[in-house]
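Chains, contacts and geometry: an overview
This is what each chain is made of:
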Amino acid sequence: MILCDKGLFTLHTKHTTYQMKADGLGVLLHTYYGPRLRGGDLSTLIQYADRGFSPNPWDARENRSYSLDNLPQECSSCGVGDYRLPSLELELSDGSHLTDFRYQGFRLERGKYRLEGLPAFFGGEEWETLRITLKDQAAQLEVELLYGVLEERDLITRALRVINRGDQPVTLCRAASLCLDFQRDGLDFITFDGAHIVERCPHRSSLRSGIQSVGSTRGASSHHHNPFVILCDHEATEDHGRCYGAMLLYSGNFEAAAELAQFQNTRLTLGIHPHHFRFPLAPGQSFTTPEAALICSPTGLAQLSTQFHRALREHLIRDPYAGKRRPVLINNWEATEFHFDADKLLDIARAAAPLGMELFVMDDGWFGNRNSDSSSLGDWTVNEEKLPGGLEALTPRIQELGMCFGIWIEPEMVNEDSQLYRAHPDWVLGAPGRPQTVSRGQLVLDFSRKDVRDHIYRDIQKVLDSAPIRYVKWDMNRSLSDVWSAALPAERQGEVYHRFVLGVYDFLERLRQDYPDLLIEGCSGGGGRFDAGMLYYTPQIWCSDNTDAIDRLRIQFGTSFGYPLSAVGAHVSAAPNAQTGRTVSMETRGVVAMGGTFGYEMDLSKATPEEREIIRRQTAFFKEHYDLIQRGDYYRLSDPFQEGPYTAWEQVSPDRREALVSLVTGSVHAGLPFLSLRLKGLDPNLDYRVNGEGRYPGDLLMEAGWPLPLPWNDYQSTQLYLSAI
Ligand code: GLA
């Protein structure tokens, strides 16, 4: 996969090639990234020209056509003649921000490198690792570029380590995990943006001169932008054109910036957001960036998504829940909010068990005096007024019904009205002499501090040890503000945002070690921390607090570009919907929730006999087709953001012998044209039964399509199950 030849590094994957070359000056040039080539030295593709105001490095002063300002590089310099966004920026002990990294050497290894304390793709011999060392001679700074290559999934990962080998302290001010240069234009930038209850709406625009960026300074990856972006040809569609996906495995502040520079050359950087990021490195100290993941698809967005989905499912989401079927769950939040007791929970559980539900999740409101969102976060002891006898009394009764039991927690937060805050007001983020900003009535605990984390961990451990708890929903219901830690001196406050994220990872890793069978579902007011960093610890994430099936079509569509369905928490909730007031049939709500992990979040004790029958059928169908739904290749068959009569998607089994097509109508107008839905990913040479009937050739279903019956009503749904004959 990785060929190294006299400073030329060629990374081959199944469909792509990525190449770098250390040139005569030791600058590590990026020579090519795109469809797989046979190889050779692709640095001949790089164009050199003497351009006004593009300066020459000291050791190339005789060659005026050599300028770092225009050359495609792997790890750009800073302040020495490249005026594009630097991938690294350091403040040196003399106050300068000047670095010029040149090639030193490399090491090639079988297997995948690891990053201490950070999430990373994993695997065995199917990976290769390349380590390239660069050095800034003047400041004695070293950069180790780490590349992991997974051929089958076209996946190239990258992280870097900055090591201070000098005898003076330096401060890291910017540390992008990825710097991807192209000597070309004609690219679109696709980002996934939104807000609480409107997450990950795709936005696509042609790059224009200058920097276009998205990011988060909220301390979490955020509802508002996602650390997954795509660059693609203007002409790229689901099935055609070159696309580059870049994903950061990080759950805190990030920045994804695409710069169209002076000669229409393009640079993409992705990494920790530089806002209030300052990491001092004493002599001998190092800093490791989060990992970035790159996939190039030469054949459109569908292939890009398929490769990301497979890579995440197989090499990021860890056992036991990578391969194991996840339980169909019932969650009480939308049914009761804070107002429940054991009897109410058992009512819901008794109704849910015979309908096929396997896990009962007790959401927010079970601890302290938590009767509203303004109290008790931080006090992780069971409220015995609501739950007499505690979890020890409740869980056996849930288990008797044949279900396992799970709870909601929000470890990073505290309410002022709590015993914890009264005892430790200095444990929250907040600068002296400045009252803190409050959000949802809560403050943020300083999770950069081990002592704070240890205290919360012990309390939560007591709860987890008190009863057989198989599932935890880990929530985070506000953005960070007032970021200042009482545990660090002034000159180290720029570490706090990052140390907070490391603290969350450390806590989650401890939970994983101590409770290896625990299924953890990530959540942040829905999808406010939906990123690949969290997925390393939490195999599924509650996708959005918006459970309206029609709005969910958009949210799940946007999420599907980077993330697999098995990561997308999705539930059937009550009608009319709590967020939109819209009424959608139980059938359609079920079809949409099957575009994710699948569960229910409503008071099933109030369901009508007809609704119960539909639910029973839905859970049985989901379990029967679990592998196809959760592990099949996913195809977007339409775009819910476009005016159109329906939204459709499809899952196809890896052997292409089975497929499931789901279709939901939009708001329908009279006089619809005759429509056929062209399917994807089938085997053209096989014949299929559709819902157990007929004989339809795969080529016909893909080229001519499946005729959609008329008439339609608003928000109806259909599922077609195809099986090869
Ligand atoms: C967040 C979550 C919800 C629910 C509430 C409880 O908003 O996203 O699903 O758990 O918190 O307070």
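Presented here is an overview of the structure given in this document. As a convention, each chain's residues are numbered from 1 in the sequence order in which they are written. The predicted origin of the model limits local features to residues at a pLDDT of at least 70 and limits the giving and counting of side-chain atom pairs to 80 or more, whereas totals for whole chains, interfaces and linings rest on all residues. With hydrogens and water stripped out, all remaining heavy atoms of the structure feed into the side-chain values.

Regarding the nonpolar core
What makes a nonpolar core is a set of buried Ala, Val, Leu, Ile, Met, Phe, Trp, Tyr and Cys residues whose side-chain atoms join them at distances within 4.5 Å. Relative accessibility decides the category of a residue: with a 1.4 Å probe and only protein chains considered, values under 20% of the type maximum give buried, values over 50% give exposed, and everything between is partly exposed. With 180 residues, the main nonpolar core has I230, M357, F360, M362, W366, I407 and I469 as its most contacted residues. What counts as a helix is a DSSP run of H or I of at least four residues, what counts as a strand is a run of E of at least two, and both are numbered from the N terminus. When residues in this core are grouped by element, the largest group, nine residues, is from helix α7 (residues 496-514). For each domain, the first and last residues come from an automatic or database assignment. Three or more residues apiece are contributed to this core by two domains, here domain 1 (2-315) and domain 2 (329-627). Excluding residues within four positions of it along the chain, I469 makes contact with L391, F405, G406, I407, V463, L464 and L518. The next biggest cluster of nonpolar side chains, apart from the first, holds 24 residues, and it includes Y635, Y646, V652 and L722. Here, two residues are considered to be in contact whenever any of their heavy atoms come within 4.5 Å of each other.

Some words on the pattern of salt bridges
Salt bridges are identified by distance alone: a Lys or Arg side-chain nitrogen within 4 Å of an Asp or Glu carboxyl oxygen. Within this structure, the stated rule accounts for 53 salt bridges. Between E74 and R158 there is a salt bridge, and its shortest N-O distance comes to 3.1 Å. You can see E74 sitting in the loop between β4 (28-35) and β5 (88-91) and its partner R158 sitting in strand β9 (residues 155-164), a full 84 residues away along the chain. Ionic pairing is found between R107 and E109, a salt bridge with its closest N-O pair at 2.8 Å. A network of salt bridges, in which partner residues are shared, links R107, E109, R131, E144 and R161.

Re the side chain of H30
Within the secondary structure, H30 sits in strand β4. When its relative accessible area of 3% is taken as the criterion, H30 is described as buried. Pairs of N or O atoms within 3.5 Å make up the polar contacts considered here, provided that, within protein, one atom can donate a hydrogen while the other can accept it, and that residues adjacent in sequence are counted only when both atoms are side-chain atoms. Within the local environment of H30, its side chain forms a polar contact with the side chain of E74, the two groups lying 2.6 Å apart. When near neighbours in sequence (up to four residues on either side) are disregarded, H30 contacts Y18, Q19, M20, I46, P72, Q73, E74, L180 and D181.

A word on empty space enclosed by the protein
The rule is simple: put a 1 Å grid over the protein atoms alone, call a set of points where a 1.4 Å probe fits but cannot get out a cavity, call an open set with protein on both sides within 12 Å along at least five of seven lines a pocket, and count a residue as lining if it has an atom within 4 Å of a point. Grid points are joined across faces, edges and corners, and a volume is the space filled by probe spheres set on the points. Tallied over the full model, the rule gives ten cavities of 30 Å³ or more. Put simply, the largest cavity is a space of about 130 Å³. Around the largest cavity sit 15 residues that line it, and L553, Q556, F557, Y634 and W649 are the ones nearest its centre. Composition of the lining of the largest cavity by domain shows at least three residues from each of domain 2 (329-627) and domain 3 (636-724).

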